[in-house]
Amino acid sequence: MTLLTVFLRRVLSHYELVIASDSRLSGGQALDHAQKVFQLGRSDALIAFAGDTQWAYPLLMQMQRAIENYPFSSSRRLPLSKLKGHTLRVFQQTYDAIHSLPVGQRHPDKPDNYFLLGGYDWQDDKFKAWRLAFDAGNRRFIFRRLLGANESKFFFSGDNKQAVVDAIRRTRVLLRERDRDGNNIDMEPFEILCEITGDERYPGIGGVPQIGKVYKHLNTQLFQLMWSCNGVSTPHFAGRPLQQGERNSLPIFDPAKGFYSVREMTALED
């Protein structure tokens, strides 16, 4: 199971788009080192997935390669809204290519997945996000627009409906407690995601959360997350704790301290 969130975070007078996820894959056993938030072959969008990895990873890899190998898209000249359409076509093409079905089965199994695609559209000067999923009735991938003038400024998605409802409720309560509205969200949806990863009522959702951002200057960034393991605060990436002596150049998010760079972390350690 998976719980995803996408929201518009206000920083002073401007906004940034945040996508975050838990890190657990489950299906008879659990693995908490699973990347679910991905950068693409262009720097204005991120994508995350929930659901069966048998479908998710092949679809994601085909999408990434399609972007990387098409200069019009990788250079971002293809606007974000057009990327959404191309993603649907690549997903559909991959699904339609399935063959050698079991005897008596007319159509491939339904892809049990949800994807969140979000970024900044330079053509419309707006942050945008969509939920991509498979419509079993029409056997087609379809999209739903999220985050807009008439939509909420935060959104949760996942394959546990009760967890999604609970996350939305908790986020609304937290925003009210802090006297915030939809136009003044900080990290509240992420805070609730962190809470639910430790909630025993949702054993399929867990691991150390992972987080990425899209900025208006058409750049994306994934982050390490500082998380307590056995009483020691340890940097994690994609759910995996960095090994002793292991370093990377990604900036860090510490729920207790906020966002900072590796250089700043070294200064804090000194």
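(A) Spatial organisation of the pairing of strand β9 (residues 140–146). Alignment of strand β8 (residues 126–135) against β9, held across seven bridges, turns out to be antiparallel. In the sheet register, Arg131 faces β9, and the bridge partner there is Arg144.

(B) Broad picture of the packing of aromatic side chains. Going through the model one piece at a time under the given rule, you end up with 12 aromatic pairs. With 6.0 Å between their ring centres and 40° between their planes, Trp55 and Tyr95 make a pair best called tilted. Taken together, the residues span a long stretch of sequence, with Trp55 in helix α1 (residues 53–68) and Tyr95 in helix α3 (residues 80–96) at a distance of 40 residues. Pairing Tyr95 with Phe134 gives two aromatic rings, centres 4.6 Å apart and planes at 50°, and the pair type is tilted. In this pair, Tyr95 sits in helix α3 while Phe134 sits in strand β8, placing the two residues 39 residues apart along the sequence. Comparing Tyr95 with Phe134, the two get one shared label, buried. Following the ring pairs from residue to residue traces out a cluster consisting of Trp55, Phe91, Tyr95, Phe115, Phe134 and Phe141. A cation over a ring is seen here: Lys84 above Phe143, with NZ or CZ 3.7 Å from the ring centre.

(C) The arrangement of the nonpolar core in detail. In this structure, Leu3, Phe7, Phe156, Phe190, Ile196 and Ile211 are the most contacted members of the largest nonpolar core, which totals 26 residues. Going through the elements one at a time, β1 (3–11), β2 (14–21), β10 (154–158), α4 (161–177), α5 (188–197) and β12 (220–229) are the ones with two or more residues in this core.

(D) Quick look at the sheet that holds strand β7 (residues 113–121). Reading across from one edge, β5-β6-β7-β8-β9 is the order of the five strands in this open sheet, with antiparallel pairing throughout. With one partner strand each, in any of the chains shown, β5 (37–39) and β9 form the two edges of the open sheet. On average, each strand axis in the sheet is tilted by 25° relative to the strand beside it, whichever way the strands run. Relative to strand β6 (residues 45–51), β5 runs antiparallel, the two being bridged by three bridges. From the neighbouring strand, Phe38 faces β6, where its bridge partner is Ile47.

(E) View of the environment of Val232. Tracing the backbone shows Val232 in strand β13 (residues 232–237). Put simply, Val232 and Val164 are 68 residues apart on the chain and 30 Å apart in space, counted from C-alpha to C-alpha.

(F) Quick peek at α5. Most of α5 sits out of view: eight of its 10 residues are buried. Along α5, the positions that sit buried rather than exposed are Glu188, Pro189, Phe190, Ile192, Leu193, Cys194, Ile196 and Thr197.

(G) Seen up close, the side chain of Lys213. Looking at the element boundaries, Lys213 is found in strand β11 (residues 210–214). In terms of polar contacts, Lys213 uses its side chain to reach the side chain of Glu16, at 2.7 Å. When residues no more than four places from it in sequence are discounted, the contact partners of Lys213 are Arg9, Glu16, Leu17, Val18, Leu46, Asn219, Thr220, Gln221, Phe223 and Phe259.

(H) A look at the pattern of salt bridges. Counting across every chain of the model gives 21 salt bridges. The partner of Arg9 in a salt bridge is Glu16, with the nearest N and O atoms 2.7 Å apart. Owing to a relative accessible area of 13%, Arg9 belongs among the buried residues under this scheme. As a salt-bridge pair, Arg240 and Glu246 come within 2.8 Å of each other at their nearest N and O atoms. Because the salt bridges share partners, they merge into one network encompassing Asp166, Arg169, Arg170, Glu195, Asp199 and Arg201.

The rules behind these values
- Residues numbered from 1 in each chain as written.
- Predicted model: local features only at pLDDT ≥ 70, side-chain atom pairs only at ≥ 80, totals over all residues.
- Heavy atoms only, no water.
- Pairing = 2+ DSSP bridges.
- Helix = DSSP H or I, 4+ residues; strand = E, 2+ residues; numbered from the N terminus.
- Phe/Tyr/Trp six-rings, centres within 6.5 Å; stacked < 30°, edge-to-face > 60°.
- Buried < 20%, exposed > 50% of the residue type's maximum accessible area, 1.4 Å probe, protein only.
- Lys NZ or Arg CZ within 6 Å of the ring centre and 35° of its normal.
- Core = buried A, V, L, I, M, F, W, Y, C linked by side-chain atoms within 4.5 Å.
- Axes fitted to C-alpha atoms, helices over the stretch in contact; angles between N-to-C directions.
- Polar contact = N/O pair within 3.5 Å; in protein donor to acceptor, adjacent residues only side chain to side chain.
- Contact = heavy atoms within 4.5 Å.
- Salt bridge = Lys/Arg side-chain N within 4 Å of Asp/Glu carboxyl O.

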